[in-house]
Amino acid sequence: MNPRTPADTLALTTSALLGDHDVTDLLYRIVRDSARFTGSDAAGLLVRTPGGALELLSATSHAAVELELYQAQVDEGPCVDLLSTGETVEEVGADALRARWPAVGPAIVQAGFGAVHAYPLRWRDGVLGGLNLFSHRSGANDEEQAATARSFADMAALVLVQPERLEQGAVADRLARALEGRVVVEQAKGVLAHQLDVDMETAYTALVDRATQDGDALSVAARNVVQAAYRR
């Protein structure tokens, strides 16, 4: 059964951090629940790698995946601004979105969203990345929604830098593992889209449903799909 409150979700995530866990799956659950409990329609998680590149770690839908990857490609958008300033980014309304981000803004509007809210993943004196929340409605988040989003962003940061081992290179290693998991998820989406003759959005939903039904982590379900395809 899905957690009924943000507190339930954050408590479960904390418990998972204390034991063995799959980074990709844990990040997906955080991103999914951040959208659910803030009334958003989609969410994505972008991070800045040690080499300076923007990379997608997780998203709730294929539409969110495309928007996040486009931000990384053109180096423009809410997460880019957030990484520059370290502050929460909020833009509401189609005209405001287009005016602020000439490339990414129209793409956000075309995807059907009327507002975006981005919250920083803070670690010590820096920012690792951003949790981006997209909404069909054109409205600002209220104080409760903003506080909830910040909590999920903080939890995502903890997943990435889990202070079990803070020796040099530990954060980079965890980022690398999360990226590997995301790549497998994208491969599985492609496999399912071909096998089921559906679009990528539907394939992504099918993958998430399969993981839920089988009780598997998202990355485990993705690897199973890819491996089964190779065996055919």
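Keep in mind that this is a model prediction, so the values were computed, not measured.

**Regarding the overall build of the protein**
In terms of helices and strands, the protein carries 10 helices and 5 strands. Over its C-alpha trace the protein gives a radius of gyration of 17 Å, about what one expects of a compact globule, namely 17 Å for 232 residues. Counting only C-alpha atoms and orienting by the principal axes, one finds that the protein spans roughly 50 × 45 × 40 Å. At a minimum sequence separation of 6, the contacts of the protein that also span at least 24 residues come to 61%. In the structure as shown, the protein presents an accessible area of about 11,000 Å², 48% of it carried by carbon and sulfur atoms.

**So, empty space enclosed by the protein**
According to the stated counting rule, one finds 1 cavity of 30 Å³ or more in the structure shown. As a volume, the largest cavity reaches approximately 80 Å³. As for the largest cavity, its lining consists of T24, Y28, L56, L57, S58, A59, V65, R182, V185, E186, Y204 and L218. Every element with two or more residues in the lining of the largest cavity is listed here: helix 2 (23-38), strand 2 (54-59) and helix 8 (170-196). When residues of the lining of the largest cavity are assigned to their parent elements, the largest contribution, 4 residues, is made by strand 2.

**A closer look at the packing of helix 2 against helix 7 (residues 143-160)**
Where helix 2 contacts helix 7, the two axes come as close as 9 Å, and the packing angle between them is 175°. Considering their axes alone, helix 2 and helix 7 lie roughly antiparallel with respect to each other. In this structure, helix 2 uses V23, L26, L27, I30, D33, S34, F37 and T38 to contact helix 7, whose residues at the interface are Q145, T148, A149, F152, M155, A156, V159 and L160. A per-class count over the contact of helix 2 with helix 7 returns 11 nonpolar, 4 polar and 1 charged.

**Description of the sheet that holds strand 4 (residues 115-123)**
Spatial strand order, 2-1-5-4-3: 5 strands in an open sheet with antiparallel pairing. Of all the strands in the sheet, just strand 2 and strand 3 (89-92) have a single pairing partner and so form its edges. When strand polarity is set aside, the average angle formed by the axes of neighbouring strands in this sheet is 20°. As defined by bridge partners, strand 1 (residues 42-48) adjoins strand 5 (residues 126-135) across 6 bridges and the pair is classed as antiparallel. Looking at strand 5, one finds that V47 is bridged to G129. Against the sheet, helix 7 makes contact with strand 1, strand 2, strand 4 and strand 5, and its axis sits at roughly 45° relative to strand 4, the strand it touches most.

**Some points on the environment of E66**
Among the structural elements, E66 can be located in helix 3 (residues 62-74). Spatially, the C-alpha atom of E66 lies 30 Å from that of A7, the residues being 59 residues apart in sequence.

**Side note on the packing of helix 9 (residues 200-214) against helix 10 (residues 218-231)**
If you want to describe how two helices pack, look at the angle between their axes and the distance between the axes. At a closest axis distance of 9 Å, the pairing of helix 9 and helix 10 adopts a crossing angle of 110°. Between helix 9 and helix 10, the interaxial angle falls into the category roughly perpendicular. Taking contact as the criterion, the partners of L207, V208, R210 and A211 in helix 9 are, on helix 10, L218, A221, A222 and V225. Residue classes in the contact of helix 9 with helix 10 are distributed as 7 nonpolar, no polar and 1 charged.

**Observations regarding the side chain of D33**
Mapping D33 onto the fold places it in helix 2. On the accessibility criterion, D33 (1% relative accessible area) is buried. A polar contact of 3.0 Å, which involves the side chain of D33, links it to the side chain of R36. Leave out the neighbours within four places in its chain, and D33 touches T9 and F152.

**Considering the environment of W123**
One can find W123 in strand 4. For W123, a relative accessible area of 23% puts it in the partly exposed group. Taking the C-alpha atoms as reference points, W123 and L160, separated by 37 residues in sequence, lie 9.7 Å from one another.

**Description of the nonpolar core**
Core analysis: the largest hydrophobic core is formed by 29 residues, its most contacted members being L27, L45, L57, L121, L131 and L160. Broken down by element, this core gets its largest block of residues, 9 residues, from helix 7. Core analysis: the next-biggest nonpolar cluster, separate from the first, contains 23 residues, A42, L67, L82 and W101 among them.

Calculation notes
- Residues numbered from 1 in each chain as written.
- Predicted model: local features only at pLDDT ≥ 70, side-chain atom pairs only at ≥ 80, totals over all residues.
- Heavy atoms only, no water.
- Helix = DSSP H or I, 4+ residues; strand = E, 2+ residues; numbered from the N terminus.
- Rg over C-alpha atoms; globule rule 2.2 N^0.38 Å.
- Contact = heavy atoms within 4.5 Å.
- Areas by Shrake-Rupley, 256 points an atom, 1.4 Å probe, with all protein chains shown as cover.
- 1 Å grid on protein atoms, 1.4 Å probe; cavity = no way out; pocket = protein on both sides within 12 Å on 5 of 7 lines; lining within 4 Å.
- Points joined across faces, edges and corners; volume = space filled by probe spheres on them.
- Axes fitted to C-alpha atoms, helices over the stretch in contact; angles between N-to-C directions.
- Parallel < 35°, antiparallel > 145°, perpendicular 65-115°, else oblique.
- Nonpolar A, V, L, I, M, F, W, Y, C, P; charged D, E, K, R; others polar.
- Pairing = 2+ DSSP bridges.
- Buried < 20%, exposed > 50% of the residue type's maximum accessible area, 1.4 Å probe, protein only.
- Polar contact = N/O pair within 3.5 Å; in protein donor to acceptor, adjacent residues only side chain to side chain.
- Core = buried A, V, L, I, M, F, W, Y, C linked by side-chain atoms within 4.5 Å.

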